[in-house]
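Listed below, chain by chain, are the residues.
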Amino acid sequence: MNREEIILAIQDIIKTIAPDEDVSNLKTDVRLREQIELDSMDFLDIVMELRKRYGVQVPEEDYKELATLDGCVTYLAPRLAGKSLKVGV
Amino acid sequence: MSADRYDALVIGAGMSGLAAGIRLAQFGRRVAVLERHALWGGLNSFYKRSGRRYDSGLHALTNFARPASKSAPLQRILRQLRLRFDDLGLGEQGTSEIRLGDLSLAFSNDFALFEEQVARAFPAERERFAGLVRAIRACDPFSVVDPSASGRAFLHEHLRDPDLVEALLLPLTWYGSAREDDVDAYQAVILFRSIFLEGLARPRGGIKPLLDLLVRRFREEGGELRTNDGVAEILCDTAGAARGVRLDSGGELLSDCIFSSAGYVETRALCGVSSGEADLGRLSFVETQRVLTRPSASIGAARTLLFFAESRRPAWRRPAEAVDVSSGVVACSDNYASNEILPHGLMRITCLADASAWRGLDPAVYERQKAQWEERMCASVARFTADPRPHTLAIDCFTPRTIVQYTGHLNGAVYGSPRKRLDGASGVHNVHLIGTDQGFVGVVGALMSGISMANRQAVVAS
């Protein structure tokens, strides 16, 4: 997956968790929790969906790497290499 | 994995057990929820008598919050369980009331009404009450330092008039205190928010559609609900760590992760571990439901909920007699705004009871005692609202004995142990408490308990 696809993947996961949120205008360099009302329990679901959809295990100590969309891209790019985007799951 | 090995087992298919089950299944765990009874729901269940369906526990769903309030507990649990707000079909309460002797305070889902009522009855307390509300709004009850801190002392820190403190304590104790003549301070904050700042509602159709929704979600996520399959024993290895359960049927299921909603003392007993007397709940209830020939409001019972006490210093303790009819709650299920037409009025009356006075009675004596106290409860309530007796179509009444039978809670203690374990520690390795004794009560509280304990475990395990 390239950068755009990883961002789409995260946006789609957020839409699954919080269907009312508008995810299309999220800034990539600002913390997700400052842009949408995600609490720590919702954040856990992003990690859960990454595992379910893409088989990526994110250990607790790495959660902080996923704070922004840019952070997600940096952290996930090597882990999602060769995998294809799944949206609307 | 062998057929009888699970990633997690959940004891009890009540609100907390089903919520924990849904979350664990969402995390991809192989999980079974084990329920001794034929029906799910636990403390908040439903049953049929003479062709009529009754809810056993539900007075009201507290914590009412609309979808825009995204950080409200109700909205948080809906997101976690992936349920839609509209699925609940919540009808909001009309007006409810606190009656302490001749003192009356009305409240509704519009907090301004309660503020006005307090200011009118306690003009000298106006500023201090506002300070209390600010403190409650600012407090994070989920990061508790001392779960045994006194809620009564907390209210007295902010207020001077003991009548106002007692008036506030009445609904707070009735809706979730396992502790005699007090309520835990963190619990007081949660309850004040959930009753006054958020509000009360009733799911369309009562508790059954909500329970069915949870069961459906659990199965959709791949969970296994086993009814008529109670746990007789939690099996521990020589080091004292749980490794599975033995069922009533004699079969064994294996798991090194067990969630139990059975209660602190009850769960430890399943492990063969004893507990102290101080951990045992002491407060139980007798509750009667009177199905009315007419809507409650038409006979003069216009309040959705009525918390009543004949004295300004009501007792919140195990009564000296079988039932204490001097205070209680009256809930009229047909006084919620709802798009559902209820066929009859329904008045539910709950009073404190002494479980020991209901044990070991000959069936005929038990029935006679129940009928006598039920009658006295109605007579007591008639001093504060309409007397349901002339308008009654059907009566169903439960006692501490019924509660013990259907929930397994010792002493029929609906709110469980007076000493809550917010970290879910049962004292037995691999066994985690959820539900009442983990410290969260009410429908939303119990769901939150199951969710948060399952989340914590999933993070630790990954």
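Please read all numbers here as calculations on a predicted model, not as lab measurements.

### Regarding the overall build of chain A
Link 1 in the chain: In terms of regular secondary structure, chain A is built from four helices and zero strands.
Link 2 in the chain: Reading the secondary structure of chain A in the N-to-C direction produces α-α-α-α.
Link 3 in the chain: Structurally, chain A occupies a C-alpha span of about 30 × 30 × 25 Å along its principal axes.
Link 4 in the chain: Relative to its 89 residues, chain A shows a buried fraction of 22%.
Link 5 in the chain: Relative to all contacts within chain A whose residues are 6 or more apart in sequence, the contacts with residues 24 or more apart total 59%.

### Brief notes about the overall build of chain B
Link 1 in the chain: Within chain B, the regular secondary structure consists of 13 helices and 19 strands.
Link 2 in the chain: Radius of gyration (C-alpha) of chain B: 21 Å, near the 23 Å computed for a compact globule of 462 residues.
Link 3 in the chain: Over its C-alpha atoms, taken along the principal directions, chain B stretches across nearly 65 × 55 × 45 Å.
Link 4 in the chain: Counting across all 462 residues of chain B, residues that qualify as buried make up 55%.
Link 5 in the chain: If you take every contact in chain B between residues at least 6 apart in sequence, the share linking residues at least 24 apart comes to 72%.

### Describing the domain arrangement of chain B
All names here are of chain B.
Link 1 in the chain: Looking at chain B, the domain boundaries give domain 1 (8-59 + 206-279 + 416-461), domain 2 (109-198) and domain 3 (282-407).
Link 2 in the chain: Each of domain 1 and domain 3 has a C-alpha centre, and these two points are 28 Å apart.
Link 3 in the chain: Each side of the interface is counted separately: domain 1 has eight residues, and domain 3 has ten residues.
Link 4 in the chain: A per-class count over the side of domain 1 that touches domain 3 returns two nonpolar, four polar and two charged.

### A word on the sheet that holds strand β10 (residues 231-236) of chain B
Residue and element names in this part refer to chain B.
Link 1 in the chain: Within the open sheet, the three strands sit side by side as β10-β11-β12. Their pairing is antiparallel. Whereas interior strands pair on both sides, the edge strands pair on one side only; in this sheet they are β10 and β12 (252-254). Along the sheet, successive strands turn relative to each other by an average axial angle of 25 degrees, direction set aside.
Link 2 in the chain: Inspection of the sheet shows strand β11 (residues 242-247) paired to β12 by three bridges, in the antiparallel sense. The residue bridging R246 from the neighbouring strand is E252, located in β12.

### Considering the pairing of strand β4 (residues 52-55) of chain B
Residue and element names in this part refer to chain B.
Link 1 in the chain: Alignment of strand β3 (residues 46-49) against β4, held across four bridges, turns out to be antiparallel. Along β4, the bridge assignment pairs K48 with R53.
Link 2 in the chain: Hairpin connection of β3 to β4: two residues between the antiparallel strands, including S50 at a positive phi of 45 degrees.

### Points about the interface of chain B and chain A
Link 1 in the chain: Every contact between the two is made by twelve residues of chain B and, on the other side, 13 residues of chain A.
Link 2 in the chain: For the side of chain B that touches chain A, the secondary structure elements donating two or more residues are α2 (73-81) and α13 (442-461) of chain B.
Link 3 in the chain: With three residues, α2 of chain B is the largest single contributor of residues to the side of chain B that touches chain A.
Link 4 in the chain: Partitioning the side of chain B that touches chain A into residue classes produces three nonpolar, six polar and three charged.

### Here we look at the nonpolar core
Link 1 in the chain: Ranked by internal contacts, the top residues of the largest apolar core, which has 144 residues, are L9 and L18 of chain B.
Link 2 in the chain: The contact partners of L9 of chain B, leaving out residues within four places of it in the chain, are A32, L34, V245, L253, S255 and I258 of chain B.
Link 3 in the chain: Ranked by size, the runner-up nonpolar core spans eleven residues in total, among them A9, I13, I17 and L69 of chain A.

### Things to note about the sheet that holds strand β1 (residues 8-11) of chain B
Residue and element names in this part refer to chain B.
Link 1 in the chain: Read from one edge to the other, the open sheet built from five strands follows the order β9-β2-β1-β13-β19, with strand pairing classed as parallel. Bordering the open sheet on either side are β9 (224-226) and β19 (431-433), each of which pairs with just one other strand. Going across the sheet, the axis of each strand differs from the next one's by a mean of 20 degrees, ignoring polarity.
Link 2 in the chain: Bridge count for β1 against strand β13 (residues 258-260) is three bridges, and the pairing is parallel. Across the sheet, residue I11 finds its bridge partner in β13, namely S260.

### A few points about the confidence of the model for chain B
Link 1 in the chain: Taken as a whole, chain B shows an average pLDDT of 94; of its residues, 99% reach a score of 70 or greater.
Link 2 in the chain: As a predicted assembly, this complex carries a pTM of 0.95 together with an ipTM value of 0.89.

### Examining the packing of helix α1 (residues 15-26) of chain B against helix α9 (residues 207-220) of chain B
Helix packing geometry: the angle between the two helix axes and the distance between the axes.
All names here are of chain B.
Link 1 in the chain: Contact geometry for α1 and α9: axes closest at 8 Å, N-to-C directions at 25 degrees. In this view, α1 runs roughly parallel relative to α9, as classed from their interaxial angle. Crossing geometry of α1 relative to α9 is assigned as left-handed. Each of L18, G21, I22 and A25 in α1 lies in contact with α9, whose residues at this interface are L214, V215, R217 and F218.
Link 2 in the chain: A per-class count over the contact of α1 with α9 returns six nonpolar, one polar and one charged.

### Let's talk about the confidence of the model for chain A
Link 1 in the chain: When the pLDDT values of chain A are averaged, the result is 91; 98% of them are 70 or greater.
Link 2 in the chain: Mean pLDDT per element in chain A: helix α2 (residues 32-35) of chain A is the minimum at 91, and helix α4 (residues 69-80) of chain A is the maximum at 96.

### Let's talk about the environment of R313 of chain B
Residue and element names in this part refer to chain B.
Link 1 in the chain: Along the polypeptide, R313 turns up in the loop between β15 (305-309) and β16 (323-332).
Link 2 in the chain: Look at R313 and you get exposed, because 11 C-beta atoms sit within 10 Å.
Link 3 in the chain: Remark: the alpha-carbon pair of R313 and C332, spanning 19 residues in sequence, is separated by 25 Å.

### As for the environment of G230 of chain B
All names here are of chain B.
Link 1 in the chain: Here G230 lies in the loop between β9 and β10.
Link 2 in the chain: The exposure class assigned to G230 is partly exposed, which follows from the 18 C-beta atoms found within 10 Å.
Link 3 in the chain: Considering only alpha carbons, one finds G230 and N109, 121 residues apart in sequence, at a separation of 40 Å.
Link 4 in the chain: Ignoring anything within four residues of it in the chain, the contact list for G230 reads L34, R36, L247 and D248.

### With respect to helix α8 (residues 185-198) of chain B
Residue and element names in this part refer to chain B.
Link 1 in the chain: Under the 1.5 Å per step criterion, the end-to-end length of α8 is 18 Å for 14 residues, consistent within 8% with the ideal 20 Å.
Link 2 in the chain: Counted residue by residue, α8 has 13 buried out of 14 residues, so it is predominantly covered.
Link 3 in the chain: At the C-terminal side of α8, G199 shows a positive phi close to 140 degrees.

The rules we used
- Residues numbered from 1 in each chain as written.
- Chains lettered and ligands numbered in written order.
- Predicted model: local features only at pLDDT ≥ 70, side-chain atom pairs only at ≥ 80, totals over all residues.
- Helix = DSSP H or I, 4+ residues; strand = E, 2+ residues; numbered from the N terminus.
- Buried ≥ 20, exposed ≤ 12 C-beta atoms within 10 Å, placed from the backbone.
- Contact = placed C-beta atoms within 7 Å.
- Rg over C-alpha atoms; globule rule 2.2 N^0.38 Å.
- Domains from an automatic or database assignment.
- Nonpolar A, V, L, I, M, F, W, Y, C, P; charged D, E, K, R; others polar.
- Pairing = 2+ DSSP bridges.
- Axes fitted to C-alpha atoms, helices over the stretch in contact; angles between N-to-C directions.
- Core = buried A, V, L, I, M, F, W, Y, C linked by C-beta atoms within 7 Å.
- pLDDT = per-residue confidence, 0-100.
- Parallel < 35°, antiparallel > 145°, perpendicular 65-115°, else oblique.
- Left-handed = near helix turned anticlockwise from the far one by under 90°.
- Expected span 1.5 Å × (residues − 1).

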